[in-house]
Amino acid sequence: MGRFREWLGWPPPRRAAVPAGTRVYAVGDVHGRADLLQPLLGWIAEDHARRGGDATLQLVFLGDLIDRGPASAKVIELLVGADRPDAEQHVLSGNHEEMLLAILGGESEGVVAWLDHGGAETLESYGVDPARFWDDPDALPRVLRSAIPSRHRAFLCAMRDQIRIGDYLFVHAGIRPGVPLDAQTGRDLRWIRKEFLTSHADHGPVVVHGHTIVPKVEYRRNRIAIDTGAYRTGRLTALGLEGEARWTLTSRLDRA
């Protein structure tokens, strides 16, 4: 009987959980879709109230708030100006924020790549015409520092690489399998794909991530993918966690 149970995978794996008294909502890649984020924040508040109890609300944003979509400046303002005395807000940096912060820091080598991958839309959202900067990338860092409000810049600089809550680790892209969590590089946390996505390793905590678009939330034994491609599909998803329970909320428009 012992062998039979072992062959079946007995005992079953322990279900991941967040600490008692905590309710978490993790939001996938927004990519400038303020029209999806604003209603989703309202639905999260309603869902939290409906579920009741005295659970502490924790909001986790998995990065890539900016680029590609039309309203990156408004997305940042929604979170910078949020008045949530009953919630703790955690904002992670994605690879798109990494590119923008490098340019704000004076680097011009990545300007064209950033513009080609949605940075042009971010510039337009801050009232800057991106046309000249493909040919004059050296001029962009100074213009960006002038165009982006100081409180938005401070918000971007304060973004974190990862946060752990109970049995869950929240990152933007993933982790490098086999590397201790405290030794992960920021670049891997924001950029990794194949090595992480194809890994069946037990990472310890279940990794909740965005970065790679999935048609619907993808639950694996070692990770949960929640980037449903807001800028392209018109679907922005939040993953809810309380105890061992999991659920999703999706802000959706018929027109992407």
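Structure: above.
Treat the numbers as computed from the prediction; the structure is a model and nothing was measured. (Residues numbered from 1 in each chain as written. Predicted model: local features only at pLDDT ≥ 70, side-chain atom pairs only at ≥ 80, totals over all residues. Heavy atoms only, no water.)

Visitor: What should I look at first to understand the sheet that holds strand β3 (residues 87-91) in this one?
Guide: Backbone-to-backbone hydrogen bonds pair the strands of a sheet. The strands run either parallel or antiparallel. Read across the open sheet, the five strands follow the order β3-β2-β1-β9-β10; overall the sheet is mixed. Strand pairing shows two members of the sheet lacking a second neighbour, β3 and β10 (245-252), which therefore form its edges. Across the sheet, the mean angle separating the axes of adjacent strands is 20 degrees when strand polarity is ignored. Pairing of strand β1 (residues 22-27) with strand β2 (residues 56-61) involves six bridges; the strand directions are parallel. The residue bridging T22 from the neighbouring strand is T56, located in β2. Across the sheet, helix α2 (residues 34-51) lies against β1, β2, β9 (235-242) and β10, angled at about 145 degrees from β10, the strand it touches most. (Pairing = 2+ DSSP bridges. Helix = DSSP H or I, 4+ residues; strand = E, 2+ residues; numbered from the N terminus. Axes fitted to C-alpha atoms, helices over the stretch in contact; angles between N-to-C directions. Contact = heavy atoms within 4.5 Å.)

Visitor: In this structure, what is going on with the layout of surface pockets? I would like to understand it.
Guide: Think of a ball as big as a water molecule: rolled over the atoms, this probe shows where empty space is left. If you add up the space inside the second largest pocket, you get close to 190 Å³. If you trace the second largest pocket, you find 15 residues lining it, with R68, N95, H96, R193 and H211 closest to the centre. The leading source of residues in the lining of the second largest pocket is helix α4 (residues 95-104), at three residues. (1 Å grid on protein atoms, 1.4 Å probe; cavity = no way out; pocket = protein on both sides within 12 Å on 5 of 7 lines; lining within 4 Å. Points joined across faces, edges and corners; volume = space filled by probe spheres on them.)

Visitor: Hey, could you run me through the pattern of salt bridges in this one?
Guide: Per the stated rule, a full pass over the model turns up 13 salt bridges. What emerges from the salt-bridge pattern is a single network uniting E98, D161, R187 and R190. (Salt bridge = Lys/Arg side-chain N within 4 Å of Asp/Glu carboxyl O.)

Visitor: What should I look at first to understand the packing of α4 against helix α6 (residues 140-147) in this one?
Guide: Each pair of packed helices can be summarised by the angle the axes make with each other and by the distance between the axes. Contact geometry of α4 with α6 gives a least axis separation of 8 Å together with a crossing angle of 105 degrees. By the angle between their axes, α4 is roughly perpendicular relative to α6. Contacts between α4 and α6 pair L100, I103 and L104 from the former with L140, P141, L144 and R145 from the latter. Counted by class, the contact of α4 with α6 contains six nonpolar, no polar and one charged residues. (Parallel < 35°, antiparallel > 145°, perpendicular 65-115°, else oblique. Nonpolar A, V, L, I, M, F, W, Y, C, P; charged D, E, K, R; others polar.)

So, to be careful, I would describe these as geometric facts and stop short of saying anything about function.
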